[in-house]
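# Structural characterization, general
Given next are the chains, with one letter for each unit.
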Amino acid sequence: MHQSKTAFLLTGRPGCGKTTLIRRLVEDLGMPAGGFYTEEIRRGGRREGFALVTLDGQTATMASVHIASRRRVSRYGVDLEAIDNVGVPAIERATAEAALVVIDEIGKMELFSNRFRQAVLSALESGKPILGTIMLAPHAWADAVKARPEAEVILLTEANRSQVQSELLAELRDRLRTAST
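Owing to the predicted nature of the structure, the values given are computational and were not obtained by experimental measurement. Think of each chain on its own: its residues are numbered from 1, step by step along the sequence as written. Per-residue local features of the predicted model are confined to residues with pLDDT of at least 70, and side-chain atom pairs are confined, for both listing and counting, to 80 or more; whole-chain, interface and lining totals are unaffected and use all residues. Remark: hydrogens and water are excluded; side-chain values derive from all non-hydrogen atoms of the structure.

So, on to the overall build of the protein chain. Of the regular secondary structure elements, the protein chain holds five helices and nine strands. Numbered from the N terminus, helices here are DSSP runs of H or I no shorter than four residues, and strands are runs of E no shorter than two. The secondary structure elements of the protein chain, listed N-terminal to C-terminal, are β-α-β-β-β-β-β-α-β-α-β-α-β-α. We compute the radius of gyration over the C-alpha atoms and compare it with the globule rule, which gives 2.2 Å times the number of residues raised to the power 0.38. Taking 16 Å as the expected radius of gyration for a compact globule of 181 residues, we find that the protein chain reaches 15 Å, a close match to that expectation. Dimensions along the principal axes, computed over C-alpha positions, put the protein chain at roughly 50 × 35 × 30 Å. Out of the 181 residues in the protein chain, the part that is buried amounts to 51%. Residue contacts follow a heavy-atom distance rule, with two residues in contact if any of their heavy atoms lie within 4.5 Å. For the protein chain, restricting intrachain contacts to residue pairs at least 6 apart in sequence, the fraction spanning at least 24 positions comes to 64%. Just so you have it, the protein chain exposes about 8,900 Å², and 49% of that area is on carbon and sulfur atoms. If you average the places of the 24 positive and of the 22 negative side-chain charges in the protein chain, the two averages end up 5 Å apart. Each residue is assigned to one of three classes by its accessible area relative to the maximum for its type, calculated with a 1.4 Å probe on protein chains only: buried under 20%, partly exposed between the two thresholds, exposed over 50%. All accessible areas in this document rest on Shrake-Rupley with a 1.4 Å probe, and a residue is counted as covered only by the protein chains that are shown. Asp and Glu count as negative and Lys and Arg as positive, but His and the ends of the chain are not part of the count. All charge positions are set by atom: Lys at NZ, Arg at CZ, Asp at CG, Glu at CD.

The two faces of a sheet get side chains in turn, since along a regular strand they alternate between them. With six of seven residues buried, strand β7 (residues 100–106) lies mostly within the body of the structure. Two strands pair when backbone bridges link them, and strand β2 (residues 33–43) and β7 are joined in this way by four bridges, in the parallel orientation. Looking at β7, one finds that alanine 33 is bridged to leucine 100. Strand pairing is assigned whenever DSSP detects at least two bridges linking the two strands. Relative to strand β8 (residues 130–134), β7 runs parallel, the two sharing four bridges. Bridge assignment links valine 102 to a residue of β8, and that residue is leucine 131. Here, the term right-handed applies to a crossover whose path from the first strand over the helix to the second runs clockwise when the strands point away from the viewer. A crossover connection joins β7 to the parallel β8 through helix α3 (residues 114–126); in handedness this β-α-β unit is right-handed.

On to the sheet that holds strand β5 (residues 72–73), then. Taken in spatial order, the nine strands line up as β5-β6-β4-β3-β2-β7-β8-β1-β9 in an open sheet, and their pairing is mixed. The sheet terminates laterally at β5 and β9 (151–155), the two strands that pair on one side only. The pairing of strand β1 (residues 7–11) with β9 spans five bridges and is classified as parallel. Each bridged residue has a counterpart across the sheet, and for leucine 9 the counterpart in β9 is valine 153. Working convention: axes come from line fits to C-alpha atoms, limited for helices to the stretch in contact. Angles between N-to-C directions cover 0 to 180 degrees. Contacts from helix α2 (residues 80–97) reach β2, β3 (46–54), β4 (59–64), β6 (76–78) and β7 within the one sheet, and its direction differs from that of β2 by about 150°. Of the strands in this sheet, β1, β2, β7 and β8 are in contact with α3, which crosses β7 at around 140°.

Cis rather than trans, the peptide bond between aspartate 104 and glutamate 105 has omega equal to 25°. Mapped onto the secondary structure, glutamate 105 falls in strand β7.

A few words now on the packing of α2 against α3. Here α2 crosses α3 at 10°, and the two axes come no closer than 9 Å. Regarding the angle of α2 to α3, the classification is roughly parallel. Contact with α2, carried on its side by Ile83, Asp84, Asn85, Val88, Ile91, Glu92 and Thr95, involves Arg115, Phe116, Ala119, Val120, Ser122, Ala123 and Ser126 of α3 and no other residues of that element. Of the residues assigned to the contact of α2 with α3, the class counts are seven nonpolar, four polar and three charged. Oblique is the label for every angle not falling under 35 degrees (roughly parallel), over 145 degrees (roughly antiparallel), or within 65 to 115 degrees (roughly perpendicular). Note on residue classes: Ala, Val, Leu, Ile, Met, Phe, Trp, Tyr, Cys and Pro are nonpolar, Asp, Glu, Lys and Arg are charged, and everything else, Gly too, is polar.

When a carboxyl oxygen of Asp or Glu is within 4 Å of a side-chain nitrogen of Lys or Arg, the pair counts as a salt bridge. In total, this model carries 10 salt bridges according to the counting rule given. Aspartate 143 is the partner of lysine 146 in a salt bridge, and the nearest nitrogen-oxygen pair spans 3.6 Å. Residue lysine 146 and its partner aspartate 143 are both found in helix α4 (residues 140–146); the two are separated by three residues, about one turn of the helix. You can call aspartate 143 partly exposed: its relative accessible area is 31%. Two residues, glutamate 150 and arginine 148, come together in a salt bridge whose shortest N-O distance is 2.7 Å. Neither glutamate 150 nor arginine 148 differs from the other in exposure class; each is buried. Three or more residues are tied together by salt bridges with common partners; here these are Glu40, Arg42 and Arg47.

Below is the structure:
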């Protein structure tokens, strides 16, 4: 891990544990964190969509097989208003007030929103520690974020998950201790 990095962005295949790891790290750190994570919406064992859940307890359906939208990822219609009205303000509040900004995730669905892109850039430019996930597949905007000097992209796999967890926990504790002094 590099001293100049402030944004730690996990990437990897779907289902490798990125969101679970972020939630564990936030819990283990016990610091004031803000932002959001995503979780699957399941019914009868089938994934029907994705919810956006803020760290201060708001929830919105970001994408669903039941949403009719011209913005689509695979079989899911994307609700831009959920991203703009719940996800973006959560990032903005975290950037302004929290010790740690959580952005799970910087992915195809979220990137439909220009306000989301701007909130991510503002968070990156704030110098605050960021813990996030970013899409693995090539995408011009996401690739530009990965290439930023403050971003450290970490490929998460089942094999390295516990090592990444302990290294990131130590790094973030150090960052947050330095930031609060």
